[in-house]
Amino acid sequence: PVLAIFGDRDVQVDWRTSMRIYREAFALAGNQALTIKVFEHAGHNLYRNGDSNSDQGSRFADGYIELMVSWLRVQATQR
């Protein structure tokens, strides 16, 4: 299983291209264990507003921590 996460304001990785590549590769391999999530207003580091030096400090994008915890819990119960 893979959890691919991106920020929609990432200037280091083209998340649209990356999503396409992930989907194509997993489909080619016959693997459906792919979860992709794009966080709005987040940069490469998943900080809000795409800037770790903003007034909001290094706060993660809304829902990032919750997604990580819930995804990991599901993976742990499937083993």
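Source: prediction; values computed, not measured.

Peer 1: How would you sum up the overall build of the protein? Please name residues and give values.
Peer 2: Scanning the protein from terminus to terminus reveals two helices and two strands. When its helices and strands are written in sequence order, the protein yields β-α-β-α. Within the protein, the proportion of its 79 residues that are buried is 27%. Of the contacts formed within the protein by residues at least 6 apart in sequence, a portion of 53% connects residues at least 24 apart. Entry remark: accessible area of the protein is about 5,600 Å², with carbon and sulfur atoms responsible for 50%.

Peer 1: An account of the pairing of strand 2 (residues 34-39) is requested, with residue identities and associated values reported.
Peer 2: In this sheet, strand 2 lies alongside strand 1 (residues 2-7) in parallel orientation, the contact comprising six bridges. When the sheet's bridge partners are listed, Gly-7 is paired in strand 2 with Phe-39.

Peer 1: Go over the packing of aromatic side chains with me, naming the residues and quoting the values.
Peer 2: According to the stated counting rule, one finds five aromatic pairs in the structure shown. Measuring from centroid to centroid gives 6.5 Å for Tyr-22 and Phe-26, while their planes differ by 40 degrees, and the two rings are tilted. With Tyr-22 and Phe-26 both in helix 1 (residues 15-29), this residue pair falls four residues apart, about one helical turn. Residues Phe-60 and Tyr-64 carry aromatic rings whose centres are separated by 4.9 Å and whose planes lie at 35 degrees to one another, so their mutual orientation is tilted. The exposure class assigned to Phe-60 is partly exposed, which follows from its relative accessible area of 35%. Residue Tyr-64 is classed as buried on the basis of its relative accessible area, which comes to 14%. By way of ring pairs, the aromatic residues Phe-39, Tyr-47, Phe-60 and Tyr-64 are connected into one cluster.

Peer 1: Could you give an account of helix 2 (residues 64-77), with specific residues and numbers?
Peer 2: Along its 14 residues, helix 2 runs 20 Å from first to last C-alpha, staying within 8% of the 20 Å computed at 1.5 Å per residue. Of all the residues in helix 2, the buried ones are Tyr-64, Leu-67, Trp-71 and Gln-75. All buried residues of helix 2 fall inside an arc of 60 degrees around its axis, so they share one side. Across helix 2 from its buried face, at more than 90 degrees, point the exposed residues Glu-66, Arg-73, Ala-76 and Thr-77. Its buried side turned inward, helix 2 meets strand 1 and strand 2.

Cut-offs and rules
Residues numbered from 1 in each chain as written. Predicted model: local features only at pLDDT ≥ 70, side-chain atom pairs only at ≥ 80, totals over all residues. Heavy atoms only, no water. Helix = DSSP H or I, 4+ residues; strand = E, 2+ residues; numbered from the N terminus. Buried < 20%, exposed > 50% of the residue type's maximum accessible area, 1.4 Å probe, protein only. Contact = heavy atoms within 4.5 Å. Areas by Shrake-Rupley, 256 points an atom, 1.4 Å probe, with all protein chains shown as cover. Pairing = 2+ DSSP bridges. Phe/Tyr/Trp six-rings, centres within 6.5 Å; stacked < 30°, edge-to-face > 60°. Expected span 1.5 Å × (residues − 1). Arc of directions from axis to C-beta.

As far as function goes, none of this settles anything; it's purely spatial.
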